[in-house]
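# Coordinate analysis (summary)
Given next are the chains, with one letter for each unit.
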Amino acid sequence: MAKTVRFHEIGGPEVLRLEDVEPGEPGTGEVLLRVDAIGINRAEVLFRSGQYIEEPRLPARLGAEAAGIVEAAGPGVSGFDVGDHVSVLPAFSQNDYGVYAERAVVPAAALLHRPDGVDAVTGAAVWMPYLTAYGAMVEVGGIRPGDTAVINAASSSVGLAAIHTANRLGATPIAVTRTEAKKQRLLDEGAAEVVVSDDQDVTAVILELTGGKGTEYVFDAVAGPGVVDLARAVAADGTLFLWGAQSGQPTPFPGFELGMPALNMRTYTVHEITRSPERLRRASAFVTSGLRTGAFRAVVDTVFPLDEIALAHKHMESNTQVGKIVVTTREL
Ligand SMILES: NC(=O)c1ccc[n+]([C@@H]2O[C@H](COP(=O)([O-])OP(=O)(O)OC[C@H]3O[C@@H](n4cnc5c(N)ncnc54)[C@H](OP(=O)(O)O)[C@@H]3O)[C@@H](O)[C@H]2O)c1
């Protein structure tokens, strides 16, 4: 048996229950993992509250990002042995697997070896943010040195990874946050400029910062009506990536209202990277090299024990965090 987080109804953090569940034997292409640390993601909060792109099948498990040790490997698994230190990447549906548990079966295709010197908390905190940022910016977006990247919800774990990634690529990250509270922290994390959207005219500031040309890229985790202001600040042929929907409101495509500019708007998920072995190979090399040089690192806001999982979700919903919330299953 393994302590496992499940929910039997859709709702707030209080629906999360810690239950004794038999993790089962790993099947073909699967491994059984001792989970040491779990990266908490907005997608799980949305899944639990019925607002994710996928409906939970109840009773539902949760979690797609973790670090741990392989306890058993099923038939057909190669490259991973018992005792290996690994990270679990978000490469599967939470209806199929969930890592909010002391032990869990996961697909071997979602594993990476944890590089030497990367501890469990870091190993559970870096992959979702950096793979998401790398995939949109490099694999799909083709960002180049000298380009500008406007990053909304910049204090999120993905937003911070996008700031670090833009800097590593020689692009200029402009961070957007709602209030002054996180402004200095975003500058400290490498933002070239910070726009405070509650107080400033986002379009005007971006246009001013880019000499009137507009930004080549926007990476937006908020969506909703605010995309109109962001779209106005996109340079001709530039691209507005929608990688999250924090606003919870319908998102217009404002091309006609803005006079039919050469505006690309595109949704994107990290699965475009984690479900493609070739892209994942390049992405993991990029992130590993950033971790090795210190350009990339886990920005961990708070670590909670597994039995405080509801508090961890509440903390995420408070939106006061900067960076990643991590849960540990044991004393590390
Ligand atoms: N497409 C993908 O594959 C993918 C992968 C990972 C994450 N994501 C998305 O990226 C976003 C960040 O996820 P995360 O887990 O890193 O971070 P997170 O910790 O959930 O991000 C929280 C931050 O988002 C901002 N925010 C929250 N609600 C907002 C609202 N209504 N309007 C404007 N800003 C709001 C706040 O920043 P301020 O207070 O500074 O404004 C808040 O601190 C989420 O939308 C998530 O779904 C997408």
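Look up a bit, the structure's there.
Report follows, based on the coordinates. (Residues numbered from 1 in each chain as written. Predicted model: local features only at pLDDT ≥ 70, side-chain atom pairs only at ≥ 80, totals over all residues. Heavy atoms only, no water.)

### Some remarks on empty space enclosed by the protein
On inspection of all chains with the given rule, the structure shows one cavity of 30 Å³ or more. If you add up the space inside the largest cavity, you get close to 80 Å³. Taken together, A125, V126, P129, Y130, S157, L160, A161, H164, R297, A298, V299 and K324 form the lining of the largest cavity. Of all the secondary structure elements, the ones that give two or more residues to the lining of the largest cavity are α3 (127-140) and α4 (157-168). Taken domain by domain, the lining of the largest cavity gets at least three of its residues from each of domain 1 (2-126 + 299-328) and domain 2 (129-271). (1 Å grid on protein atoms, 1.4 Å probe; cavity = no way out; pocket = protein on both sides within 12 Å on 5 of 7 lines; lining within 4 Å. Points joined across faces, edges and corners; volume = space filled by probe spheres on them. Helix = DSSP H or I, 4+ residues; strand = E, 2+ residues; numbered from the N terminus. Domains from an automatic or database assignment.)

### Re the pairing of strand β5 (residues 66-73)
The pairing of strand β3 (residues 30-40) with β5 spans seven bridges and is classified as antiparallel. In the strand pairing of β5, R34 is matched with I69. Judged from the four bridges that link them, β5 and strand β6 (residues 85-88) form a sheet pairing that is antiparallel. Considered in β6, the bridge of A66 is made with V88. (Pairing = 2+ DSSP bridges.)

### Thoughts on the environment of F296
Mapping F296 onto the fold places it in the loop between α9 (277-293) and β15 (300-305). Linking F296 and G135, residues 161 residues apart in sequence, is a C-alpha distance of 15 Å. What F296 contacts, discounting residues up to four positions off in sequence, is Y130, H164, T165, R168, F286, V287, G290 and L291. (Contact = heavy atoms within 4.5 Å.)

### Here's the deal with the site of the ligand
Around the ligand, the surrounding shell holds 25 residues, and the nearest of these are R42, S157, T177, V270 and Q321. For the ligand, a nitrogen atom lies 3.0 Å from a polar atom in the backbone of W243. Between the ligand and the protein, one listed contact pairs an oxygen atom with a backbone N or O atom of V270 at 2.6 Å. Summarising the interface, the protein chains cover 90% of the accessible area of the ligand, which totals 920 Å² for the free molecule. Only α3 and α4 provide two or more residues apiece to the shell around the ligand. (Near = heavy atom within 4 Å. Polar contact = N/O pair within 3.5 Å; in protein donor to acceptor, adjacent residues only side chain to side chain. Areas by Shrake-Rupley, 256 points an atom, 1.4 Å probe, with all protein chains shown as cover.)

### Thoughts on the sheet that holds strand β13 (residues 234-242)
With parallel pairing, the six strands of this open sheet are ordered in space as β11-β10-β9-β12-β13-β14. Single-partner strands in this sheet number two, and they are β11 (193-196) and β14 (264-267). Looking at each pair of strands side by side, their axes are set apart by 20 degrees on average, direction ignored. Pairing analysis gives four bridges linking β13 to β14, with the strands arranged parallel. Bridging from a neighbouring strand, L242 pairs with T267 of β14. Contacts from α4 reach β9 (148-151) and β10 (172-177) within the one sheet, and its direction differs from that of β10 by about 160 degrees. The strands that helix α6 (residues 202-209) touches are β9, β10, β11 and β12 (215-220); relative to β11, the one it contacts most, it runs at about 160 degrees. (Axes fitted to C-alpha atoms, helices over the stretch in contact; angles between N-to-C directions.)

### Digging into the sheet that holds strand β1 (residues 2-7)
The three strands are arranged β2-β1-β4 in an open sheet whose pairing can be described as antiparallel. Strands with a single pairing partner mark the edges of an open sheet, and in this sheet they are β2 (17-21) and β4 (60-61).

### Remarks on the side chain of D147
Along the chain, D147 turns up in the loop between α3 and β9. Buried charge without a salt bridge: D147, with R144 as the nearest opposite-charge side chain at an N-O distance of 4.2 Å. Of the polar contacts made by the side chain of D147, one reaches the backbone nitrogen of R144; its length is 2.8 Å. Aside from chain neighbours lying at most four places away, what touches D147 is A171, T172, E216 and Y217. (Buried < 20%, exposed > 50% of the residue type's maximum accessible area, 1.4 Å probe, protein only. Lys, Arg positive; Asp, Glu negative; His and termini not counted. Salt bridge = Lys/Arg side-chain N within 4 Å of Asp/Glu carboxyl O.)

### So, the packing of aromatic side chains
In this description, a pair of aromatic rings is defined by centroid distance and the angle of the planes. The tally for this structure, following the rule as stated, stands at 11 aromatic pairs. Where F7 meets F47, the ring centres are 6.1 Å apart and the plane angle is 90 degrees; that geometry is what we call edge-to-face. Here F7 is found in strand β1, whereas its partner F47 is found in helix α1 (residues 42-48), with 40 residues between them in sequence. Neither residue differs from the other here; F7 and F47 are each classed as buried. Consider the rings of F241 and Y268, whose centres lie 6.2 Å apart with planes at 90 degrees: the pair is edge-to-face. On the criterion of sequence distance, the pair formed by F241 in strand β13 and Y268 in the loop between β14 and α8 (271-274) is long-range, its members being 27 residues apart. For F241, a relative accessible area of 1% gives the class buried. One aromatic cluster is present, built from ring pairs that chain together Y217, F219, F241, W243 and Y268. When the ring centre of F296 is taken as reference, the NZ or CZ atom of R168 above it lies at 5.6 Å. (Phe/Tyr/Trp six-rings, centres within 6.5 Å; stacked < 30°, edge-to-face > 60°. Lys NZ or Arg CZ within 6 Å of the ring centre and 35° of its normal.)

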